[in-house]
Every structure is written in structure tokens, then in C-alpha cells.
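A look at the structure
Residues per chain are reported as follows:
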Amino acid sequence: MAASSAEPMMFGVPVAGLRTVLFYSTVTAMATGLGAIPLLSVKSVQAKNIAFSNCAAAGMCLAASLALSVEGFGESRYKVALGMLLGYLFIVVTRGFLERHEDVKFDSMRGANA
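Values in this document were obtained by computation on a predicted structure and should not be read as measured data.

How each quantity is defined
- Residues numbered from 1 in each chain as written.
- Predicted model: local features only at pLDDT ≥ 70, side-chain atom pairs only at ≥ 80, totals over all residues.
- Heavy atoms only, no water.
- Helix = DSSP H or I, 4+ residues; strand = E, 2+ residues; numbered from the N terminus.
- Buried < 20%, exposed > 50% of the residue type's maximum accessible area, 1.4 Å probe, protein only.
- Polar contact = N/O pair within 3.5 Å; in protein donor to acceptor, adjacent residues only side chain to side chain.
- Contact = heavy atoms within 4.5 Å.
- Expected span 1.5 Å × (residues − 1).
- Patch = residues over 30% accessible without salt bridge, like charges linked within 9 Å, V, L, I, M, F, W, Y side chains within 5 Å.
- Areas by Shrake-Rupley, 256 points an atom, 1.4 Å probe, with all protein chains shown as cover.
- Salt bridge = Lys/Arg side-chain N within 4 Å of Asp/Glu carboxyl O.

**Focus on the side chain of S76**
With respect to the secondary-structure elements, S76 resides in the loop between α2 (47-75) and α3 (77-100). S76 sits in the buried class, given a relative accessible area of 18%. One polar contact links the side chain of S76 to the main-chain amide nitrogen of K79, over a distance of 3.1 Å.

Structural data, given as C-alpha cells:
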């Protein structure tokens, strides 16, 4: 469905669409924060539970990435490939930075508790 010419646009996208994305991304961020609340009642977490949670999160991220890639291929294979390349480069650069700064600590958090 094409946007009407009278509809305000930003970055080639109807402003109403950007507002919708902003709304849902805000709701998603709030839900993510609320999901951590049950952890406030726990004094310690077992390593196997952290491993399971990490596996579940990684699986969801992988599934979301695949679904978005398949959808994006319908629009532009080149843009999807560029996005994958930029994401890979971001991970490589970030990993290199963190390896050079292993002494950085987040207050008292260590290991699996971080």
C-alpha cells in the first residue's frame, strides 16, 4: 500500500509508521526491564540456570535474525548482506576492544553474576 503524497514523510517512511515503531520499541524495552524484576528476589543464581537462560536468549536472537533476514531478502538482498557484514564487523571490533580492556570491572560483579 503506497503512502499518499499528503502524508508527512521522514527518511522515506510515513511519520505515522515511525511513530508506531517508536511506540512498540518503547513497549519492548519496558517489558525487557520488567522481566528482570523477579531476579531481585533471588540471592544467587546457579551457573546451570544462567547457561540455560543464555541458550534460550541466543536461540531467540538467532530465530529473530533469521526471520528478519528472510523478510529483508524480499526487499533487497544487498541491504541484508550489508547489514550482516556491518553487524559482524561491530562484533569483531567490540570483541577486540573488550579483550584489550580486560581490567574493566563493573563494581562488584564478577563472572556469571555480571
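**Structural notes on the side chain of S69**
Residue placement: S69 occurs in helix α2. Given the relative accessible area of 14%, S69 is considered buried. Once you skip the residues sitting within four places of it in the chain, S69 turns out to touch V80 and M84.

**Re α2**
With 29 residues, α2 extends 42 Å between its outermost C-alpha atoms, agreeing within 8% with the 42 Å of an ideal straight helix rising 1.5 Å per residue. The secondary structure elements touched by the buried residues of α2 are α3.

**Side note on a nonpolar patch on the surface**
A contiguous nonpolar surface patch, about 580 Å² in accessible area, is contributed by L82, L85, L86, Y88, L89 and V92. Looking at where L82 falls in the secondary structure, it is placed in helix α3. For L82, a relative accessible area of 48% gives the class partly exposed.

The values reported here are purely geometric and, on their own, carry no functional implication.
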